[in-house]
Amino acid sequence: MNTPKELLYSKSHEWVAFSGDTAKVGLTDFAQNALGGLVFVNLPEVGDEVEKGKACADVESVKAVSDVYCPVSGEVTAINEDLLDQPELINQSPYEAWLFEVGSISDKEELLDAAAYEAFCAEEE
Amino acid sequence: MELIFERSREGRGCAILPGLDVPAAELPEALRRGRKLHLPQIAEVDISRHYTALMKRTHGVNDGFYPLGSCTMKYNPKINDEMAGLPGFSKIHPLQPAHTVQGCLKALCMAEELLCEITGMDGMTFQPAAGAHGEFTGLMLIQAYHESRGDRKRTKIIVPDAAHGTNPASASMVGYEVVSIPSNSEGCVDLEKLRAAVGEDTAGLMLTNPNTVGIFDKNILEITRIIHDAGGLNYYDGANLNAVMGMVRPGDMGFDVIHLNLHKTFSTPHGGGGPGSGPVGCKELLKPFLPVFHQVREGDSCQFDTPAQSIGSVKAFYGNFLVVLRALTYVLTLGAEGIPEASANAVLNANYLMHELAGLYEMAYDGPCMHEFVMSLSKLKKENGVSAMDIAKSLLDHGIHPPTMYFPLIVEEALMVEPTETESKETLDQAAAVFRSIYETALSDPQSLHEAPVRTPIRRPDELGAARNPKLRYQFTE
């Protein structure tokens, strides 16, 4: 399993990359592997208020539709529009295929570092 | 295999129309079709062979065992079709005056009365064309009820996480916010979580009982009371009624509105894309909101009535009448003794097959099941790399339709098996033997299962490619 050291992780299998006062959010390698081939991505809109721990996007695989939970509270400042036509990018390179970016961050979940997240996934399996 | 369009030859066909004996009329320019119609031109014999060839390449309940969980693929007795084919039922028009179709209206009234007796409801609409359509209609009744009382703060529908995916989707379609509550370790509703979720914003609850893991929720009376005490209404998803029909009634469990899948529980054809029928039954308090074309008895005759505060129309006229007629035939054939006996046998068959497989396959939940059971292949996948998908595909090579895969979502590598009551002990024994031999192959030669099926007309279709780049129609060259 691929778990980059420089990222932080939620227990609902999102990764977060903080940069200044914004954060990019994507799905982990573990998540994309469990979901299987993705066929559709539903993203929030720029300007949407998002709240930590609440669903703000969803992804559809050949198996099921799953919610994506926002690990931070704030306002959506950008979305990765490439995913709308090519959801398979999440399967191909999960850590490049960010879903959305949040700014004006007011709060965040307790996030795990790479080692703690790997241990958490091992327990889940 | 050639598609019907590829078999088409210019000028060939089987329609011989009489000569035109009225003046030809020109369509106004704006209404004229600009492009070719592209109807296949093909002789009757070739049409017949084309569809017979397609039929041979598929697998229906008339071909073999079809334990597709949650879909109730029971055998459909031919007497249902015979009744639906009677010209008095089949050669009618929806706009015929009511006094000329009294027999058909009486059949609808009888079907309503009998299905209400089975479900403990007070009224029923036959407009909805299928289960999810019924959910949509039932939720509109709940919404109309709250609004008629000026109660506009009820914006949320509670749905357990084991529910069919259509439940949250239907609630969302009606404009409700969905509150998902997790199941407990027995796969049932967690009462504490439910109590914490209800409030003044609760419009209602959607529940399937027995639930999607095949377990009857013992706390059902407490569950429906919690919702009623909060001012909400209870919606019963009739998907799993085959486990309990004639035994226990949703109306007595505390439900206010239900849908039935006549094409599942009441033995009308399904699995081929329709037509289905998803009638919605309700308690007295929701009857004023039922859709238009509600059949009613007036003295000795029957009429269509528009309820006082009707939500309007959810489908043309009175729904798929001939499907309702098949279900009515089924209910009358089985009678008051046969209906509960069918459910009892459905539960017995599921428990028998589960018992036969339990030594090898890992069951998702302990204890007896209702009409279906769920196995988890997660251990086999971890240890031998054989997934639920591999097992399912291998069953195809043995002439068995696979169980439902990867549902419910709360069970990993799930296979959900629903044998139904119409299968004999011999069929169940043969199926159990096939399941056992596939398991042995999974241990001894896992690679061969990754390649299954090998005996079907097509091997593994590219599901991912089909979902990502669907080709939804034939591409004509001109």
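Notes on the structure in this doc start here. Model, not experiment: these values are computed from the prediction. (Residues numbered from 1 in each chain as written. Chains lettered and ligands numbered in written order. Predicted model: local features only at pLDDT ≥ 70, side-chain atom pairs only at ≥ 80, totals over all residues.)

Here's the deal with the overall build of chain B
For chain B, the helix and strand inventory stands at 16 helices and 13 strands. Relative to the globule expectation of 23 Å for 478 residues, the C-alpha radius of gyration of chain B, 25 Å, shows essentially globular dimensions. A sequence separation of at least 24 residues applies to 72% of the contacts in chain B between residues at least 6 apart. (Helix = DSSP H or I, 4+ residues; strand = E, 2+ residues; numbered from the N terminus. Rg over C-alpha atoms; globule rule 2.2 N^0.38 Å. Contact = placed C-beta atoms within 7 Å.)

A few points about the sheet that holds strand 1 (residues 123-125) of chain B
All names here are of chain B. Strands sit in the order 1-7-6-5-4-2-3 across an open sheet of seven strands; the sheet is mixed. Each edge of the sheet is formed by a strand with only one pairing partner; in this case those strands are strand 1 and strand 3 (177-181). The sheet shows a mean angle of 20 degrees between the axes of neighbouring strands, taken without regard to direction. Two strands pair when backbone bridges link them, and strand 5 (residues 233-237) and strand 6 (residues 257-259) are joined in this way by three bridges, in the parallel orientation. (Pairing = 2+ DSSP bridges. Axes fitted to C-alpha atoms, helices over the stretch in contact; angles between N-to-C directions.)

A short note on the sheet that holds strand 12 (residues 404-405) of chain B
Residue and element names in this part refer to chain B. Across the sheet, four strands lie side by side as 10-11-13-12; this open sheet has antiparallel pairing. Each having just a single partner strand, strand 10 (362-363) and strand 12 make up the two edges of the open sheet. Bridge analysis of strand 11 (residues 373-376) against strand 13 (residues 414-417) gives four bridges, and the strand direction is antiparallel. Directly across from Val-374, in strand 13, lies its bridge partner Met-416. Along the sheet face, helix 13 (residues 388-397) touches strand 12 and strand 13 and points at about 40 degrees away from the line of strand 13.

Some thoughts on the interface of chain B and chain A
If you look at the interface, chain B gives six residues, while chain A gives six residues. Taken together, the residues that form the side of chain B that touches chain A break down as four nonpolar, no polar and two charged. (Nonpolar A, V, L, I, M, F, W, Y, C, P; charged D, E, K, R; others polar.)

Things to note about the nonpolar core
Judged by nonpolar contacts, the single largest core of 114 residues is most densely connected at B:Tyr235, B:Val257, B:Val324, B:Ala327, B:Ala414 and B:Leu415. Here this core spans two domains, and each of domain 2 (78-334) and domain 3 (338-467) of chain B adds at least three residues to it. If near-sequence neighbours (up to four positions away) are discounted, B:Val257 is found in contact with B:Gly138, B:Leu141, B:Ile142, B:Leu233, B:Tyr235, B:Val280, B:Cys282 and B:Leu286. Formed by 33 residues, the second largest nonpolar core is a distinct cluster that contains A:Ala23, A:Val25, A:Val50 and A:Val76. (Core = buried A, V, L, I, M, F, W, Y, C linked by C-beta atoms within 7 Å. Buried ≥ 20, exposed ≤ 12 C-beta atoms within 10 Å, placed from the backbone. Domains from an automatic or database assignment.)

Some points on the environment of B:Thr52
Mapped onto the elements, B:Thr52 comes out in helix 1 (residues 44-56). Considered as a pair, B:Thr52 and B:Ile142 are 90 residues apart in the sequence and their alpha carbons are 46 Å apart.

Overview of the pairing of strand 4 (residues 202-207) of chain B
Residues and elements named next belong to chain B. Taking burial as the measure, the six residues of strand 4 include six buried ones, the bulk of the element. Of the pairings in the sheet, the one linking strand 2 (residues 156-160) to strand 4 comprises three bridges and is parallel in character. Each residue of the ladder has a partner; that of Ile-157, found in strand 4, is Gly-204. Traced from strand 4 through helix 8 (residues 220-229) to strand 5, the parallel crossover comes out right-handed. (Right-handed = clockwise from strand over helix to strand, strands pointing away.)

Quick notes on helix 13 of chain B
Residues and elements named next belong to chain B. Where burial is concerned, most of helix 13 is hidden: eight out of the 10 residues are buried. The complete set of buried residues in helix 13 reads Ala-388, Met-389, Asp-390, Ile-391, Ala-392, Lys-393, Ser-394 and Leu-395. In this structure, the buried side of helix 13 is in contact with strand 12, strand 13, helix 14 (425-444) and helix 15 (446-451). Trailing helix 13 by a residue or two, Gly-399 shows a phi angle of about 75 degrees, which is positive.

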